[in-house]
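Chain residues, written in single-letter form:
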Amino acid sequence: MNAKHSLYTSRLVLLLAGAVLCVPALRAQDAWDGSRNVAGLATDEPDSKEAEACIFGKFTSGDFRTWSEGKTLWTAGAAAHAQTQLKDLVMTGSFGFMQEEGTQMMGSMFSKPGYYPIDVLEFTPGNKSRQTYDIAGGLAWKNRSRWIPGLNVRFQGINYAKRKDLRHTTYRQELEVTPSVLYRGDGWRLGATFVAGKSSEFVQAEQIGPASADTYYAFLDKGLRYGTYQAWDGSGIHLAEPGVDRLPVYELTQGLALQFSLDGKLFAQLEYLRSRGEAGEKGYTWFRFPRRHWAGQLQYNFYENDICHSIGLDYSWTDTRLNETILEKVTEGGVTTPSILGSNRVFADKTFEMSLVYKMERADGLSLNASLLIDRNNSLSTLMYPYMDLDGGTHLFFSLDSRIPLARRWELKAGFLVGGGSYSEQMSMAIAEPIGVSTTPFRLTDWFETEEEVADALRVQLSLALRYNLARLPLYIEAGFDGTRALEHQLAPGLYRQTSYLQIGYKF
């Protein structure tokens with residue numbers, strides 16, 4: 001797994017998500033809207049409701065990408081969300097669907113590369129399709145006491161498929177349940193949320209019809225692109241084990257989040273999550289990966305005439321370990337059962353992120369957001385004793401985006417991002433003297449170096465969008481574009497990547 005590339009990709013996706021999906025811009029003072037606690041949405045305001053729905057289409061192209069990303073990507077989707085404040089209840093809900101079609105895709109067979117500490121890669125360019133379903137709902141009860149209970153449920157399902165040999169189908173599900181409670185004091189609020197979640201994903205591979213090559217190969221990544229490279233149905237890949245015709249992975253997560261706010265100006269949240277994951281089923285447990293995650297948020301709001309200013313500090317720390325089990329197949333009475341003899345730690349990763357954010361929003365709709373993000377990760381591969389590979393990387397990104405109301409119901413969005421990273425690697429042996437080891441751990445070096453270059457390259461990203469709000473209907477039309485230009489490259493296919501989109505939304 002390339003932890004740095006996964007982090008970089010997720011951060012840029014979050015940066016652009018607000019421009020593509022019809023999610024309303026959050027007011028700076030509504031810090032509870034982005035918290036884990038749905039009960040924090042309860043207010044003393046009279047009955048009110050707001051809702052929005054949209055349909056959108058996107059086109060992405062360009063060669064500043066990794067091999068797991070498509071040369072071109074077509075996307076179409078729809079999304080809707082609503083929030084209602086009643087006398088006794090607060091209700092929220094959202095729904096989304098997205099269909100993606102990519103060309104010349106290979107690499108990861110997982111729907112979210114980098115999410116799990118293992119990965120499976122294939123090497124035949126072809127078209128891939130992905131369908132994503134999202135649904136969420138929340139409820140908070142405003143009663144006569146100072147205590148407000150709430151519950152939020154979120155589900156996501158993904159279908160991912162490739163239609164050219166080596167073919168594969170991937171199915172993913174995520175479910176998260178977060179019961180919460182809020183205590184309303186005199187000018188302050190205190191909340192707590194219990195987090196329980198599960199993610200599961202499995203990959204099924206197959207070869208249909210006459211092969212266009214003698215053998216289709218696959219690679220099982222066990223961290224930092226070290227792993228096993230062999231025929232896709234070999235015993236080291238785990239795609240076609242006897243009795244197990246797929247590679248299943250799941251992760252169970254639980255944790256606690258605490259929130260506090262004071263006078264509508266100061267907001268703080270602290271979260272701790274602990275999870276355990278496994279790869280395998282029916283007694284064949286090939287990998288176990290425990291994970292710990294800390295996250296915190298601090299936000300302060302102050303007001304000046306009709307302008308709201310907000311300064312926020314976010315941080316997170318994640319520790320992931322990957323243990324590979326030692327299995328022995330025992331046959332008794334003609335029945336073969338697996339037995340786990342022990343396990344070896346083959347990979348460890350620690351990632352730290354911190355961002356400083358400033359937001360300004362004016363009553364007439366003008367807004368400005370500026371953020372500075374820094375992250376640091378250290379990854380250690382111990383796949384084969386006595387070799388160790390310690391990789392580290394640091395990234396720094398600065399972004400600035402704005403929303404500017406223009407005359408005659410026009411609205412302009414503009415954004416800018418610049419940043420990059422540095423990378424270091426230290427290969428060593430656990431002992432001072434060699435012990436007669438004649439082989440070294442296998443690494444998919446070309447892939448790894450290309451992904452590192454894409455993650456670390458200094459880049460500039462510009463985005464621009466124009467929205468028109470109709471006069472007699474609460475309807476808007478928005479078209480936008482963002483382009484990323486790397487300032488240098490050697491291994492990546494190109495220097496440029498762009499996304500253009502069109503969306504139509506309705507507010508009611």
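The structure presented is a predicted model; accordingly, all values stated were derived computationally and were not measured. (Residues numbered from 1 in each chain as written. Predicted model: local features only at pLDDT ≥ 70, side-chain atom pairs only at ≥ 80, totals over all residues. Heavy atoms only, no water.)

Undergrad: Could you clarify how one ought to interpret the overall build of the protein in this entry?
TA: Helices and strands together make up the secondary structure of the protein, namely two helices and 20 strands. For a compact globule of 508 residues, the expected C-alpha radius of gyration is about 23 Å, and the protein comes in at 25 Å, within 12% of that figure. Taken along its principal axes, the extent of the C-alpha atoms in the protein is 75 × 50 × 50 Å. In the protein, buried positions account for 45% of the 508 residues. Considering only intrachain contacts with a sequence separation of at least 6, the fraction spanning at least 24 residues in the protein is 67%. Counting every atom, the protein has about 24,600 Å² of accessible surface; 59% of that belongs to carbon and sulfur. (Helix = DSSP H or I, 4+ residues; strand = E, 2+ residues; numbered from the N terminus. Rg over C-alpha atoms; globule rule 2.2 N^0.38 Å. Buried < 20%, exposed > 50% of the residue type's maximum accessible area, 1.4 Å probe, protein only. Contact = heavy atoms within 4.5 Å. Areas by Shrake-Rupley, 256 points an atom, 1.4 Å probe, with all protein chains shown as cover.)

Undergrad: I'm lost on helix α2 (residues 445-456) in this one. Help?
TA: The α-helix advances 3.6 residues per turn, and as a result positions three or four apart in sequence lie on the same side. An ideal rise of 1.5 Å per residue puts 16 Å on twelve residues; α2 measures up with 16 Å between its terminal C-alpha atoms. Along α2, nine of the twelve residues are buried, which leaves the element largely enclosed by surrounding structure. Listed as buried for α2 are Trp447, Phe448, Thr450, Glu451, Glu452, Glu453, Val454, Ala455 and Asp456. (Expected span 1.5 Å × (residues − 1).)

Undergrad: I keep staring at the pattern of salt bridges and nothing clicks. Help me out?
TA: Between side chains of opposite charge, pairing is possible as soon as their charged atoms come close. Across all of its chains, the model carries 32 salt bridges by this definition. Between Glu122 and Lys162 there is a salt bridge; the shortest N-O distance is 2.8 Å. Of this pair, Glu122 sits in strand β4 (residues 119-141) while Lys162 sits in strand β5 (residues 147-162); the two residues are 40 residues apart in sequence, bridging distant segments of the chain. Residue classification places Glu122 among the buried residues on the basis of a relative accessible area of 0%. As a salt-bridge pair, Arg154 and Glu176 come within 3.8 Å of each other at their nearest N and O atoms. Residue Arg154 is located in strand β5, and its partner Glu176 is located in strand β6 (residues 167-184); the two are separated by 22 residues in the primary sequence. The exposure class assigned to Arg154 is partly exposed, which follows from its relative accessible area of 28%. Each of Arg36, Lys112, Arg154, Arg172, Glu174, Glu176, Glu201 and Glu271 takes part in salt bridges that share partners, so that together they form one network. (Salt bridge = Lys/Arg side-chain N within 4 Å of Asp/Glu carboxyl O.)

Undergrad: Honestly, the pairing of β6 in this entry has me stumped. Any pointers?
TA: Across a regular strand the side chains alternate sides, sitting on one face of the sheet and then on the other. The pairing of β5 with β6 spans 16 bridges and is classified as antiparallel. Bridging across to β6, Trp147 finds its partner in Tyr183. Between β5 and β6, which pair antiparallel and follow one another directly, the connecting turn spans four residues. In the sheet, β6 pairs with strand β7 (residues 188-206) via 16 bridges, with the strands oriented antiparallel. Following the sheet pairing, Arg172 is matched in β7 by Glu201. Between the antiparallel neighbours β6 and β7 lie three residues, among them Gly187 with a positive phi of about 90°. (Pairing = 2+ DSSP bridges.)

Undergrad: I'm lost on the packing of aromatic side chains in this one. Help?
TA: Aromatic ring pairs are reported here in terms of the distance separating the ring centres and the angle at which the planes meet. On inspection of all chains with the given rule, the structure shows 19 aromatic pairs. Residues Tyr115 and Tyr116 carry aromatic rings whose centres are separated by 5.0 Å and whose planes lie at 85° to one another, so their mutual orientation is edge-to-face. Overall, Tyr116 belongs to the buried group, its relative accessible area being 2%. Pairing Phe219 with Phe442 gives two aromatic rings, centres 6.0 Å apart and planes at 55°, and the pair type is tilted. Of the two residues, Phe219 is situated in strand β8 (residues 217-221) and Phe442 in the loop between β17 (410-429) and α2; the sequence distance between them amounts to 223 residues. (Phe/Tyr/Trp six-rings, centres within 6.5 Å; stacked < 30°, edge-to-face > 60°.)

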